[in-house]
Amino acid sequence: TDGRLEERARSLNTRLFGARLRWNSIAYAEQGRRWGSCTYTAGVIRISSRAARLPSWVLDYLLVHELAHLEHADHGPAFWELVMRYPLTERARGYLMAIDHGFGEGGEEEI
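What you see is a predicted model; the values in this text were computed from it and never measured.

J.: Explain the overall build of the protein to me, using residue names and the numbers behind them.
T.: A count of helices and strands for the protein gives four helices and three strands. The order of α-helices and β-strands along the protein, N terminus first, is α-β-β-β-α-α-α. The C-alpha extent of the protein, read off along each of the three principal axes, is 45 × 30 × 20 Å. Each of the 111 residues in the protein was classed as buried or not, and the buried ones make up 42%. Looking at the protein alone, contacts between residues at least 24 apart form 47% of all its contacts between residues at least 6 apart. Per element, the accessible surface of the protein, about 6200 Å² overall, is 49% carbon and sulfur. The positive charge centre, built from 14 side chains, and the negative charge centre, built from 15, are 6 Å apart in the protein.

Shown next as structure tokens:
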């Protein structure tokens, strides 16, 4: 639920960002190929509704990624320094890459 996302985001904000981040809205949304988005000027974070079926540690990575955009709009070194505070970043990125690129010969299996 959106409430669960908000709760997870608050916990991650405290653990990884010193509770300094502020946002106006965090919710699931239909997003074609994207896993998440952040409109940092408005403080609006959207996580793909497809992500609701992912393991919690992957969902946490998606939240950390979008939360980091509240401080850095781009994907530069300072952004990745924040994201890498989440200890399962590399594993979660690999998991998402496998889903995005499919499995097996046809590369057609996606969630």
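J.: Please provide a residue-by-residue account of the nonpolar core, values included.
T.: Phe17, Ile26, Ile47, Leu54, Leu62 and Leu67 are the most contacted members of the largest nonpolar core, which totals 31 residues. For this core, the secondary-structure elements that each account for two or more residues are helix H1 (2-17), strand E1 (25-29), strand E3 (44-48), helix H2 (56-68), helix H3 (77-83) and helix H4 (89-101). It is H2 that contributes the most residues to this core, eight residues altogether. Residue contacts for Phe17: discarding those within four places in its chain leaves Leu12, Val64, Leu67, Ala68, Leu82 and Arg85.

Criteria and cut-off values
Residues numbered from 1 in each chain as written. Predicted model: local features only at pLDDT ≥ 70, side-chain atom pairs only at ≥ 80, totals over all residues. Heavy atoms only, no water. Helix = DSSP H or I, 4+ residues; strand = E, 2+ residues; numbered from the N terminus. Buried < 20%, exposed > 50% of the residue type's maximum accessible area, 1.4 Å probe, protein only. Contact = heavy atoms within 4.5 Å. Areas by Shrake-Rupley, 256 points an atom, 1.4 Å probe, with all protein chains shown as cover. Lys, Arg positive; Asp, Glu negative; His and termini not counted. Charge placed at Lys NZ, Arg CZ, Asp CG, Glu CD. Core = buried A, V, L, I, M, F, W, Y, C linked by side-chain atoms within 4.5 Å.

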